[in-house]
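What follows is the residue order along each chain.
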Amino acid sequence: MASDAFFLFAVSMVLSALCGTLVSGARSFSIDYKNNCFLKDGKPFHYISGSIHYSRIPQYYWKDRLMKMYMTGLNAIQVYVPWNFHETVQGVHDFTGDRDLEHFLNLANQTGLLVILRPGPYICAEWEMGGLPAWLLQKPNIILRSADTDYLDAVSNWFAILLPKLKPWLYINGGNIITVQVENEYGSYFACDYNYMRHLRTLFRLFLGEDVVLFTTDGNTDKEMTCGTLDGLYATVDFGTDTNITVAFNRQRRFEPQGPLVNSEFYTGWLDHWGDQHAIVSAQKVSRVLEEMLTMGASVNMYMFEGGTNFGYWNGADHDTRFRSVVTSYDYDAPLTEAGDPTEKLYAVRDVIKQFRDIPSGPMPPATPKFAYGFVKLQRVGNISSLLDTISPFGPVQSKYPLTFEEMKQYYGYMLYRTTLPQDLSEPTPLISPLNGVHDRAYVSVNGDFQGMLQRDTSLVMSVTGRRGDTLDILVENMGRVNFGSKINDYKGLVSNLILGKDILTDWKIYPLDIDGAISRGWPHSASQKAVTSSQREPSVGPTIYMGVLEPNGLAWDTFLKLNEWTKGQVWINGVNLGRYWPAWGPQQTLYVPGPLLSTSLPNNITVLELERAPEHLRVLFMDRPQLNVTAGKS
Ligand SMILES: *[C@@H]1O[C@H](CO)[C@@H](O)[C@H](O)[C@H]1NC(C)=O
Ligand SMILES: *[C@@H]1O[C@H](CO)[C@@H](O)[C@H](O)[C@H]1NC(C)=O
Ligand SMILES: *[C@@H]1O[C@H](CO)[C@@H](O)[C@H](O)[C@H]1NC(C)=O
Ligand SMILES: *[C@@H]1O[C@H](CO)[C@@H](O)[C@H](O)[C@H]1NC(C)=O
Ligand SMILES: *[C@@H]1O[C@H](CO)[C@@H](O)[C@H](O)[C@H]1NC(C)=O
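Residues numbered from 1 in each chain as written. Chains lettered and ligands numbered in written order. Predicted model: local features only at pLDDT ≥ 70, side-chain atom pairs only at ≥ 80, totals over all residues. Heavy atoms only, no water.

Per an unreviewed UniProt entry, the chain goes by the name Galactosidase, beta 1-like and belongs to Cyprinodon variegatus. According to the UniProt record, the Sequence similarities (unreviewed entry) comment for the chain reads "Belongs to the glycosyl hydrolase 35 family." (UniProt positions renumbered as here; feature names shortened; annotations may be inferred.)

Dropping the structure here:
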């Protein structure tokens, strides 16, 4: 009948108006501005996503973590690409092993997870320099994250490598990447440079095409939204459990009057800094606010869902009132722990998701098994000053005034600055960092006698004694570059002169240190043991290397390494840099050791660089659980 036909016609008009028309067969992903939703293959689509960073998880555990996210009921993951992880040396690109981004995308696709990709170039992420390579700092006064031509050239070169690799992975091209974020919280950066954002938009369009959904994410203020958004990039917001979600989404609406509501970073927990209390966000709060957002029809990404670990030197730092370095663990109090284990928070989140979409049937994969291997004795190898032949094979660079890490082209870790005392200092004499130029911590000894430390922002003077001509050794630690705010040009090393008494110290020998290189070649375990035992009696203060062996017991299970009563340093197992430890400050007390790092049949080689003071009993402990929440107070 005519009226029925008209009715059906009207219904179909309404439906198509509601969420677009069905496109048979073709893969498509877009935004329906009329009806406030995403459209996937012509059907209305919302995502419930979780952040996971492949750079913080060893490759052999990627599939396990992704499967647990899928079984929670997520239909997408959100992923950062850290530029400095792939291009540590300018012009040399690494996409192998733990850096095999395409393998990660493939595993996610096989698991049934779509991908929200965040390729930066700046990513924040509490990652070294917010993902920017430190070699950018070779140009003095470069204005990062702006239309500075040297910066833009470097970005263009990187994107010409990265983005063509990603293009086949776009959903519209048969892959799983549904949306791509441009920059990251750009509105919270001082530069507010629209030419920069326009340049990025041009690059993304050039390499990825006109059809992919590009978006921005910003903090929840008008200023941030004004500087961070750009025509043609869909504007989204980020906020945690303490924000009024009506107010937050109203702000997104002022910049995107139509289109899906999106919280791109809904904080399930928070990061830790050394010396601070461990951050906790309750499972009840997370699940309640998640439910409210999903009820409003929003698409939500949980940041983090699986945090992982800042292995090696990859942690970032903040600099608000003072420099504060991010701890090695990036557990984040997230639904999956640092070691990838489901928590009460994960099950609370899953219970919420169940109300909104069908979740996969079948059991959640269990926690990976953990093992307490117990105590391992260590022995002293030698202090840093006596090991320079091994750990600084190319020897020092001579310079009247100190050079930075960036000038030396050693971007991470530790460097040794050596000079001689210009005069007798029989009375304790102040060694001063007048311009606060120790970035970030200096360990000072005179002729083998450890005399103390200088520390950025908090400890700019110490006392030194000695005689004219004595060797003054200053080991400087880069504790991770600032990843947020206006101070991301974070040069490391001695970035200004030191003054001793009234003299500016000059005529330095600067030793770049490649401790990781020496360890990856088998040192110190492969070296003769005689030298080691002969130096046992030296005092255990000042920067010193120790070694030990965890005998194999047939198991290669996850474990947690506790350096109880050790002070501060860095630790390696079987050549892999597990990261920094600092139990004297906390809150992190144990380091995550992924099981597959361990050998079931060969001796497992442990190397420790202790910077300050080793305990009386030279031993470390492997436990079956982490301890991330003991802030011991400042030493
Ligand atoms: C992603 O997975 C789907 C479904 O299993 C498959 O059809 C498609 O070919 C995969 N895409 C890529 C790029 O591997
Ligand atoms: C959130 O803000 C709205 C608008 O200002 C207000 O009506 C509402 O009561 C607030 N909600 C909560 C939970 O505070
Ligand atoms: C370093 O070790 C050497 C050789 O064992 C010793 O002579 C020197 O005093 C030590 N220096 C420090 C800084 O401990
Ligand atoms: C530990 O070092 C020893 C001595 O160099 C070597 O023989 C052994 O293979 C190393 N163990 C592992 C697991 O690589
Ligand atoms: C630290 O965490 C453990 C394990 O989650 C918990 O049992 C303990 O109560 C916490 N301690 C503090 C001081 O918060």
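From this point, the discussion proceeds with the structure in view.
A.B. asks: If you had to explain the overall build of the chain to someone new, which residues and values would you point to?
C.D. replies: The helix and strand inventory of the chain stands at 14 helices and 33 strands. The C-alpha radius of gyration of the chain comes to 27 Å, within 12% of the 26 Å expected for a compact globule of 635 residues. Overall, the chain is about 105 × 55 × 40 Å in size when its C-alpha atoms are taken along their principal axes. Going through the 635 residues of the chain one by one, you find that 59% of them count as buried. Entry remark: accessible area of the chain is about 24500 Å², with carbon and sulfur atoms responsible for 54%. The positive charge centre, built from 54 side chains, and the negative charge centre, built from 65, are 1 Å apart in the chain. (Helix = DSSP H or I, 4+ residues; strand = E, 2+ residues; numbered from the N terminus. Rg over C-alpha atoms; globule rule 2.2 N^0.38 Å. Buried < 20%, exposed > 50% of the residue type's maximum accessible area, 1.4 Å probe, protein only. Areas by Shrake-Rupley, 256 points an atom, 1.4 Å probe, with all protein chains shown as cover. Lys, Arg positive; Asp, Glu negative; His and termini not counted. Charge placed at Lys NZ, Arg CZ, Asp CG, Glu CD.)

A.B. asks: Would you mind going over the packing of helix α9 (residues 283-295) against helix α10 (residues 344-354) in detail, with residue names and values included?
C.D. replies: Relative to each other, α9 and α10 sit at 20°, their axes nearing to 9 Å. On the basis of the axis angle, α9 is roughly parallel to α10. For the element pair α9 and α10, the recorded crossing hand is right-handed. Together, Ala 283, Gln 284, Val 286, Ser 287, Leu 290, Glu 291 and Leu 294 of α9 and Glu 344, Lys 345, Ala 348, Val 349 and Val 352 of α10 make up the contact between the two elements. Across the contact of α9 with α10, the residue classes break down as 7 nonpolar, 2 polar and 3 charged. (Axes fitted to C-alpha atoms, helices over the stretch in contact; angles between N-to-C directions. Parallel < 35°, antiparallel > 145°, perpendicular 65-115°, else oblique. Left-handed = near helix turned anticlockwise from the far one by under 90°. Contact = heavy atoms within 4.5 Å. Nonpolar A, V, L, I, M, F, W, Y, C, P; charged D, E, K, R; others polar.)

A.B. asks: Kindly report on the sheet that holds strand β8 (residues 213-218), identifying the contributing residues and their values.
C.D. replies: Taking strand neighbours around the barrel as the criterion, the 8 strands line up as β4-β5-β6-β7-β8-β9-β10-β11 in a closed arrangement whose pairing is parallel. When the angles between neighbouring strand axes are averaged without regard to direction, this sheet yields 30°. Pairing geometry for strand β7 (residues 177-181) and β8, over 3 bridges, is parallel. The residue bridging Val 180 from the neighbouring strand is Leu 214, located in β8. Of the strands in this sheet, β9 (234-238) and β10 (262-267) touch helix α8 (residues 245-255), which is tilted by about 160° from β9. (Pairing = 2+ DSSP bridges.)

A.B. asks: Lay out the state of the cysteines in plain terms, naming residues and giving numbers.
C.D. replies: Applying the stated criterion across every chain, the model contains 1 disulfide. In this structure Cys 124 is a free cysteine whose sulfur lies 17 Å from that of Cys 227, the closest cysteine sulfur available. Residue classification places Cys 124 among the buried positions, given a relative accessible area of 6%. (Disulfide = S-S within 2.5 Å.)

A.B. asks: Any details on the UniProt feature "domain: Glycoside hydrolase 35 catalytic" (unreviewed entry) in the chain? Residues and values, ideally.
C.D. replies: In the numbering used here, UniProt assigns the feature "domain: Glycoside hydrolase 35 catalytic" (unreviewed entry) to residues 38-355. When the span residues 38-355 is considered, its composition is 32% helix and 18% strand, and the gap between its end C-alpha atoms is 20 Å.

A.B. asks: Give a detailed account of the UniProt feature "domain: Beta-galactosidase 1-like first all-beta" (unreviewed entry) in the chain, specifying residues and quantitative values.
C.D. replies: UniProt records the feature "domain: Beta-galactosidase 1-like first all-beta" (unreviewed entry) at residues 402-514, using the numbering of this structure. Between the C-alpha atoms that bound residues 402-514 there is a distance of 19 Å. The span itself is 4% helix and 48% strand.

A.B. asks: Hey, could you go over the pattern of salt bridges for me, with residue numbers and the actual values?
C.D. replies: It is possible for side chains bearing opposite charge to pair when their charged atoms get close. One pass over the full model with this rule turns up 27 salt bridges. Across the pair Arg 65 and Glu 306 runs a salt bridge, and its minimum N-O distance is 3.9 Å. One end of the pair, Arg 65, is in helix α2 (residues 62-72); the other, Glu 306, is in strand β11 (residues 299-306), with 241 residues separating them in the sequence. Under the relative-accessibility criterion, Glu 306 is labelled buried at 0%. Salt-bridge contacts for Arg 580 lead to Glu 477; the nearest nitrogen and oxygen are separated by 3.1 Å. With Arg 580 in strand β30 (residues 576-581) and Glu 477 in strand β22 (residues 471-477), the pair connects residues that are 103 residues apart, well separated along the chain. The pair formed by Arg 580 and Glu 477 is uniform in burial state, with each residue classed as buried. Beyond isolated ion pairs, a larger network of salt bridges with shared partners links Asp 64, Arg 65, Lys 68 and Glu 306. (Salt bridge = Lys/Arg side-chain N within 4 Å of Asp/Glu carboxyl O.)

A.B. asks: Please give an account of the site of ligand 4 that cites residues and values.
C.D. replies: Near ligand 4 you find His 525, Ser 526, Asn 574, Ser 599, Leu 602, Pro 603 and Asn 605, and these make up its full shell. Contacts to ligand 4 include Pro 603, whose backbone N or O atom sits 2.8 Å from a nitrogen atom. In this structure, an oxygen atom belonging to ligand 4 sits 2.3 Å away from a side-chain N or O atom of Asn 605. Protein chains shield 61% of the accessible area of ligand 4, which is 360 Å² for the free molecule. By residue class, the composition of the shell around ligand 4 is 2 nonpolar, 5 polar and no charged. (Near = heavy atom within 4 Å. Polar contact = N/O pair within 3.5 Å; in protein donor to acceptor, adjacent residues only side chain to side chain.)

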